[in-house]
Amino acid sequence: MSAITPANGPVAVTGASGYIGSHVVIALIKRGYRVRACVTDQSNPDKTAHLIALNSGVYPGRLELVTANLLVEGSYDEAFAGCSAVLHVGSAMGYGNANNPRQVYDGAVNGTRNILNSVKKAGTVKRVIYTSSFSAIAHPAPPGYVFSEKDWASDNRGNDRNWTPESVDTNGEVAYAMAKVATERMASSIAAEDGRFDVISVCPLVVLGPLLSRAHDLAGAWHWFLGRMLAGKPCGRGWQHLWNIVDVRDVGEAHALIAESERCTNGMRYQLTATDRSGEMNAMELHEQLARLFPHLAVGGAPKGYDEIIAKHGKPFDAPRAYSDRARHDLGLKTHAIDDTLFETGRTIIELGLIKPAYKQQLQA
Ligand SMILES: NC(=O)c1ccc[n+]([C@@H]2O[C@H](COP(=O)([O-])OP(=O)(O)OC[C@H]3O[C@@H](n4cnc5c(N)ncnc54)[C@H](OP(=O)(O)O)[C@@H]3O)[C@@H](O)[C@H]2O)c1
């Protein structure tokens, strides 16, 4: 059995300082794990202070910071030595054009290969949990289609001229989706060949919920666009279709539950998406919810071009529809209510000073 408990030894988290990685660390520390939190740079307090604060004694676990880089072979050998599990959350991301599509693709595939080489060298790791994405699941499908873990982004691509190896150099979305598909498949096949550990993937969709650091202000991420709406700007992402929302705290919790689950076996995957229809909304519905939760703000609404979409199609596309049923039933994941998720996203963005909120009073003055 490759399920673990805190008694099996320390666990390591890659990308520990990031938005999702930080919540994975919290879920583990709450359960009493000794966590090796892997970061690229220990000198930046925005990336480490919120992690170090977890050692204050409130939680039973203990955190140790370790410096490592995914792109350097062997970089995680020391971090993984003696570990029972690795939660591999980190990846080269395209936020704010920090990496071009090719770097995102190569970073995911080569970085994960490096991680698995270090896992093999450690010899003690029983389970690897890989943070993939719903991008590895979503494929062209009719409106209203309900996606599940059986779906792969590579399905139904016969007529898709963008789904080609060449697009990895030019198309950020395709490069990201192809990277996640290739990495999931590569990881479970390396694990099957090795036989000493298994790899289970987590596929989150629109991740919202509390930000813990100013470093979580990721230009182009879903929560970044929500913040801009609270600053009075129009919805800049996902207004042609549905925002299908999962709470970042639930994503963190799901990683920890998978580490401890006897039901998980190599190659399994869990999509983390809306709990039910309450977590699926188009941009105008999102605007209404935010206006209700933040009544003192003039929340931004429809972007330019929205009227044309409505005129052409009648309404935004009824996609993607998907639910976290498998994670809730197999793992016992308890999810946050959507109001709490939306409110905590906005509250933390404002409290961290990441936007200038569009206060109605100031606008009227
Ligand atoms: N946010 C979403 O909506 C969403 C949805 C689906 C899937 N995901 C997946 O979730 C994971 C985390 O993403 P996020 O949104 O939380 O973004 P994030 O905050 O930018 O986290 C990415 C992490 O990757 C680490 N990283 C990047 N390049 C690295 C390198 N060369 N070596 C070591 N670490 C490196 C960063 O570490 P440092 O900070 O130490 O540099 C950072 O903590 C990613 O795999 C992403 O694909 C995110």
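Note that the coordinates shown come from a computational prediction; the quantities given were computed from them, not determined experimentally.

A. Representation of the site of the ligand in the model. Around the ligand, the structure places 29 residues, and the nearest of them are Ser17, Thr40, Leu70, Tyr95 and Tyr176. A distance of 2.8 Å separates a nitrogen atom of the ligand from a polar backbone atom of leucine 70. At 3.1 Å, a backbone N or O of serine 91 approaches an oxygen atom of the ligand. The protein chains hide 89% of the 880 Å² of surface that the ligand would expose on its own. Counting residues per element, the ones that place at least two in the shell around the ligand are α1 (19-30) and α5 (172-194).

B. Looking closely at the side chain of aspartate 151. Along the polypeptide, aspartate 151 turns up in the loop between β6 (146-147) and α5. The buried charged residue aspartate 151 lacks any salt bridge partner; its closest oppositely charged side chain belongs to arginine 269, at an N-O distance of 7.3 Å. For aspartate 151, the side chain forms a polar contact with the side chain of histidine 139, separated by 2.8 Å. One polar contact links aspartate 151 to tyrosine 145, side chain to side chain, over a distance of 2.7 Å. Beyond its immediate chain neighbours, meaning those up to four positions away, aspartate 151 contacts Ala136, Ile137, His139, Tyr145, Val146 and Arg269.

C. Seen up close, helix α8 (residues 283-293). Taken as a whole, α8 has its buried residues at Ala283, Met284, Leu286, Leu290 and Leu293. For α8, the N-terminal capping position is held by asparagine 282, with its side-chain oxygen 3.0 Å away from the main-chain nitrogen of methionine 284.

D. Just the pairing of strand β4 (residues 85-88), in detail. Residues Ala85 and Leu87 line one face of β4 and the alternating positions Val86 and His88 line the opposite face, and both faces are buried. Bridge analysis of strand β1 (residues 11-14) against β4 gives 4 bridges, and the strand direction is parallel. Bridged to valine 11 within β4 is alanine 85. The pairing of β4 with strand β5 (residues 127-131) spans 4 bridges and is classified as parallel. Opposite valine 86, over in β5, you have valine 128 as the bridge partner. Taken together, β4, helix α4 (residues 101-122) and β5 form a β-α-β motif whose crossover is right-handed.

E. Layout of the sheet that holds strand β9 (residues 242-247). One open sheet holds the 3 strands; their spatial order is β8-β9-β11, and the pairing between them is mixed. Each edge of the sheet is formed by a strand with only one pairing partner; in this case those strands are β8 (206-208) and β11 (280-282). Across the sheet, the mean angle from the axis of one strand to that of its neighbour is 45°, orientation sign disregarded. Docked against the sheet, α8 engages β9 and β11, running at close to 100° with respect to β11.

F. Expanded view of the side chain of glutamate 280. Examined against the element boundaries, glutamate 280 turns out to sit in strand β11. On the basis of relative accessibility, which here comes to 7%, the residue glutamate 280 falls in the buried class. At a separation of 3.2 Å, a polar atom in the side chain of glutamate 280 contacts the main-chain amide nitrogen of alanine 322. Sequence-distant contacts of glutamate 280, defined by excluding residues within four places in its chain, comprise Leu242, Trp243, Asn244, Ala274, Glu285, Pro320, Arg321, Ala322 and Tyr323.

G. The packing of aromatic side chains, seen in detail. Summed over all chains, the structure comprises 6 aromatic pairs. Grouped by ring-pair contacts, the aromatic residues Phe134, Tyr145 and Phe147 constitute a single cluster. The side chain of arginine 237 reaches across the aromatic face of tryptophan 222, ending 3.8 Å from its centre. In this structure, arginine 326 is placed above the aromatic ring of tyrosine 270, and the distance from its NZ or CZ to the ring centre is 5.4 Å.

Analysis parameters
Residues numbered from 1 in each chain as written. Predicted model: local features only at pLDDT ≥ 70, side-chain atom pairs only at ≥ 80, totals over all residues. Heavy atoms only, no water. Near = heavy atom within 4 Å. Polar contact = N/O pair within 3.5 Å; in protein donor to acceptor, adjacent residues only side chain to side chain. Areas by Shrake-Rupley, 256 points an atom, 1.4 Å probe, with all protein chains shown as cover. Helix = DSSP H or I, 4+ residues; strand = E, 2+ residues; numbered from the N terminus. Buried < 20%, exposed > 50% of the residue type's maximum accessible area, 1.4 Å probe, protein only. Lys, Arg positive; Asp, Glu negative; His and termini not counted. Salt bridge = Lys/Arg side-chain N within 4 Å of Asp/Glu carboxyl O. Contact = heavy atoms within 4.5 Å. Pairing = 2+ DSSP bridges. Right-handed = clockwise from strand over helix to strand, strands pointing away. Axes fitted to C-alpha atoms, helices over the stretch in contact; angles between N-to-C directions. Phe/Tyr/Trp six-rings, centres within 6.5 Å; stacked < 30°, edge-to-face > 60°. Lys NZ or Arg CZ within 6 Å of the ring centre and 35° of its normal.

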